[in-house]
Amino acid sequence: VHMSIDWALPEVSIVNPVIGVHVHKADSDKDGPIVVGFCGQAPQPRFTGRCPLSKIVLRHRFRGAVLEGTLKEAAHELAWSKDPQNSFYVQVHTRSSFMRTRGEALGLIRGQLQ
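Because the structure is a prediction, the values reported are computed rather than measured. (Residues numbered from 1 in each chain as written. Predicted model: local features only at pLDDT ≥ 70, side-chain atom pairs only at ≥ 80, totals over all residues. Heavy atoms only, no water.)

**A word on the pairing of strand S3 (residues 34-40)**
Thought 1: Burial runs high along S3: six of the seven residues are buried.
Thought 2: Two strands pair when backbone bridges link them, and strand S2 (residues 18-25) and S3 are joined in this way by five bridges, in the antiparallel orientation. Bridge assignment links Val23 to a residue of S3, and that residue is Val36.
Thought 3: In this sheet, strand S5 (residues 65-66) lies alongside S3 in antiparallel orientation, the contact comprising two bridges. Among the inter-strand pairings, Val36 is bridged to a residue of S5, identified as Val66. (Buried < 20%, exposed > 50% of the residue type's maximum accessible area, 1.4 Å probe, protein only. Helix = DSSP H or I, 4+ residues; strand = E, 2+ residues; numbered from the N terminus. Pairing = 2+ DSSP bridges.)

Here is the structure:
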């Protein structure tokens, strides 16, 4: 599974890096299990490597690691599911957003995939 992403996050720095980007299975107003992990570093899982350390990222292509089922199942579910019970959101964590939520990992950005 691959994902291309752009971001402009002025608060990202060497002391406040992006520490996780992943897709959860749930509505964005609920906590759901991680289905595909793209990048990470402690205290988040590493998945396929470290996240970019840039305030501005344009067309960065992530390779994802599937955490549930097979790669084929995850890609099909993400791309083709029309079942309202199968909703997904992407989440971006920074070190400070993780610390502010006392490890509840609410993330800096949480957006519903359409």
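Right, picking up where we left off after that structure.
**Focus: the environment of Ser4**
Thought 1: Tracing the backbone through its elements, the reader meets Ser4 in strand S1 (residues 2-8).
Thought 2: Linking Ser4 and Arg61, residues 57 residues apart in sequence, is a C-alpha distance of 4.4 Å.
Thought 3: If we skip the residues at most four places from it in the chain, Ser4 touches Arg59, His60 and Arg61. (Contact = heavy atoms within 4.5 Å.)

**Focus on the pattern of salt bridges**
Note on pairing: side chains with opposite charge can pair once their charged atoms come close.
Thought 1: According to the stated counting rule, one finds three salt bridges in the structure shown.
Thought 2: The partner of Lys30 in a salt bridge is Asp27, and the shortest N-O contact between them spans 3.5 Å.
Thought 3: A residue is classified by how much of its surface remains accessible, and Lys30, at 45% relative accessible area, is partly exposed.
Thought 4: Of the charged contacts, one joins Arg110 and Asp31 as a salt bridge, the two residues approaching to 2.8 Å between their closest N and O atoms. Linking Arg110 in strand S7 (residues 109-112) with Asp31 in the loop between S2 and S3, this pair joins segments that are 79 residues apart in sequence.
Thought 5: The structure contains a network of salt bridges with shared partners spanning Asp27, Asp29 and Lys30. (Salt bridge = Lys/Arg side-chain N within 4 Å of Asp/Glu carboxyl O.)

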